[in-house]
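# Observations on chain architecture
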Amino acid sequence: MIGRDLLGIEDLDRSEIERLLDTADHMREIGEREVKKVPTLRGRTIINLFFEPSTRTKASFEIAGKRLSADVINFSPSSSSTKKGESILDTAKTLEAMDADAVIVRHEVSGVPRRIAEVLEAPVINAGDGAHEHPTQALLDAFTIRERLGRLQGVNVTIVGDIKYSRVVRSNIHLLTKMKANVTLAAPPTLLPTEIDKMGVRVVHNLDEAIEGADVVMMLRIQLERQGKLSFPSLREYYNTFGLTRERLRRAKEGVLVMHPGPMNRGVEIASEVADDPHVSVILDQVTNGVAVRMAVLYLLAGGGPDWRAPMAGAGDDR
Ligand code: ASP
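First, a word on what this report is: a plain description of the structure on this page. Model, not experiment: these values are computed from the prediction.

Calculation criteria
Going along each chain's sequence as written, the residues are numbered from 1 onward. Note on the predicted model: pLDDT of at least 70 is required for a residue's local features to be given, and 80 or more for side-chain atom pairs to be given and counted; whole-chain, interface and lining totals, by contrast, use all residues. Only hydrogens and water are removed before side-chain values are computed, so all heavy atoms of the structure are retained for them. Comment: elements are numbered from the N terminus, with helices defined as DSSP H or I runs of at least four residues and strands as E runs of at least two. A helix's residues, less one, multiplied by 1.5 Å, set its expected span. One axis fitted to the seven residues ending at a residue, another fitted to the seven starting there: the angle between these axes is the bend at that residue. We call a residue buried when its accessible area falls under 20% of the maximum for its residue type, exposed when it is over 50%, and partly exposed in between, using a 1.4 Å probe and counting protein chains only. Between N-to-C directions, angles cover 0 to 180 degrees, with each direction set by a line fitted to C-alpha atoms, over the stretch in contact for helices. Each angle gets one of four labels, with under 35 degrees taken as roughly parallel, over 145 as roughly antiparallel, 65 to 115 as roughly perpendicular, and the rest as oblique. Handedness of a crossing follows from how the near helix is turned relative to the far one, being left-handed for an anticlockwise turn of less than a right angle and right-handed for a clockwise one. Contact criterion: two residues are considered in contact whenever any of their non-hydrogen atoms come within 4.5 Å of each other. Amino acid classes used here: Ala, Val, Leu, Ile, Met, Phe, Trp, Tyr, Cys and Pro are nonpolar; Asp, Glu, Lys and Arg are charged; the rest, including Gly, are polar. Only a single heavy atom is needed: when it lies within 4 Å of a molecule or strand, its residue is near that molecule or strand. Each polar contact in these results corresponds to two N or O atoms within 3.5 Å; when the atoms are within protein, one needs to be able to donate a hydrogen and the other to accept it, and residues that are neighboring in sequence are counted only if both atoms are side-chain atoms. Areas reported as accessible are Shrake-Rupley estimates using a 1.4 Å probe. Residue values count occlusion only from the protein chains shown.

## Notes on helix α12 (residues 283–302)
With 20 residues, α12 extends 28 Å between its outermost C-alpha atoms, agreeing within 8% with the 28 Å of an ideal straight helix rising 1.5 Å per residue. Where α12 bends most, at N289, the angle is about 25°. Taking burial as the measure, the 20 residues of α12 include 16 buried ones, the bulk of the element. Just beyond α12, the residue with positive phi is G303, at close to 75°.

What follows is the structure, encoded as structure tokens:
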């Protein structure tokens, strides 16, 4: 996969997804060492180009790059320049001219990472574009499910909430259906795009029905910044109908996993009693696994050394 872009899960096939997840397994182990650093991307430069604000994804890519010993530079152009297509490409080209080996792009407009990838030689990694895709989020979600349940095939995954404006859900649908998981979506009709059932998923409008028999319940944040105005009467009403409570979760299978990509709106899409319940919630595992998955992506695309399977010689050199 060296030199390729990662713009969306839609572009990946099953074996590439497996390769990324298997590589992340190894990277996860590096994160458990006392010295969480290996020299595999030493001397390479990775640019975090975030046009839209981000906390966890940006930090996660930065930590991932640093654990692989790359030099990571964070660049957050002011959002006023995001409307000017030309200046985005110029910004990206300028950064590449500084010999970037990979450019990670987040933008509020769908398709901008792909447009940037067309003009850059270096691999471009989409860190979230509008309501389109967020591929590393779906990979870390899949990694977490596979780690806990041992497989993806045949797993019943229920995804609840703002389907219309979420990029996380689109990447997850692509990934989970490619890996033969069973995906059920639940949302108010105003938050469901009309064509979504063509993506090989089951759509229901009732949360209790959607949770029945689920192995995984993934809650989505209400994307207020993309909705403009509320797509339902009130946040309280939303919580009463689609908020995940302990009571509602009883319908799921024994051992159900509760996931959320973050940031969470407690009391809107999820009750604290569920989010903080260590028996069901894997929300913080998702964050931990995000670093391993992003290490795997950077390693495979930016071309780390071939010795990654072995204990990496020189581990700890770059403390
Ligand atoms: N952090 C995820 C994203 O950037 C999910 C969210 O913001 O709700 O899409």
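That was the structure; now back to the text.
## Here's the deal with the packing of helix α2 (residues 56–67) against α12
The description of two packed helices rests on the angle between their axes and on the distance between the axes. Following both chains from N to C, one finds α2 and α12 inclined at 55°, their axes separated by 8 Å at the closest point. When the axes of α2 and α12 are compared, the pair comes out oblique. The element α2 and its partner α12 pack so that their crossing is right-handed. Taken together, the residues of α12 that come into contact with α2 (itself represented by R56, T57, S60, F61, I63, A64, G65 and R67) are V287, G290, V291, R294, M295 and L298. Looking at the contact of α2 with α12 residue by residue, the class counts come to 7 nonpolar, 4 polar and 3 charged.

## Focus on the site of the ligand
Residues in close proximity to the ligand include R106, H134, R167, V168, R221, Q223, G262 and P263, which together make up its full environment. One of the side-chain nitrogen or oxygen atoms of Q223 is found 2.9 Å away from an oxygen atom of the ligand. Between G262 and the ligand, the recorded distance is 3.0 Å, taken from a backbone N or O atom to a nitrogen atom. Considering the ligand on its own, with 260 Å² of exposed area, one finds that the protein chains cover 94% of that surface. Grouping the constituent residues of the shell around the ligand by class yields 2 nonpolar, 3 polar and 3 charged.

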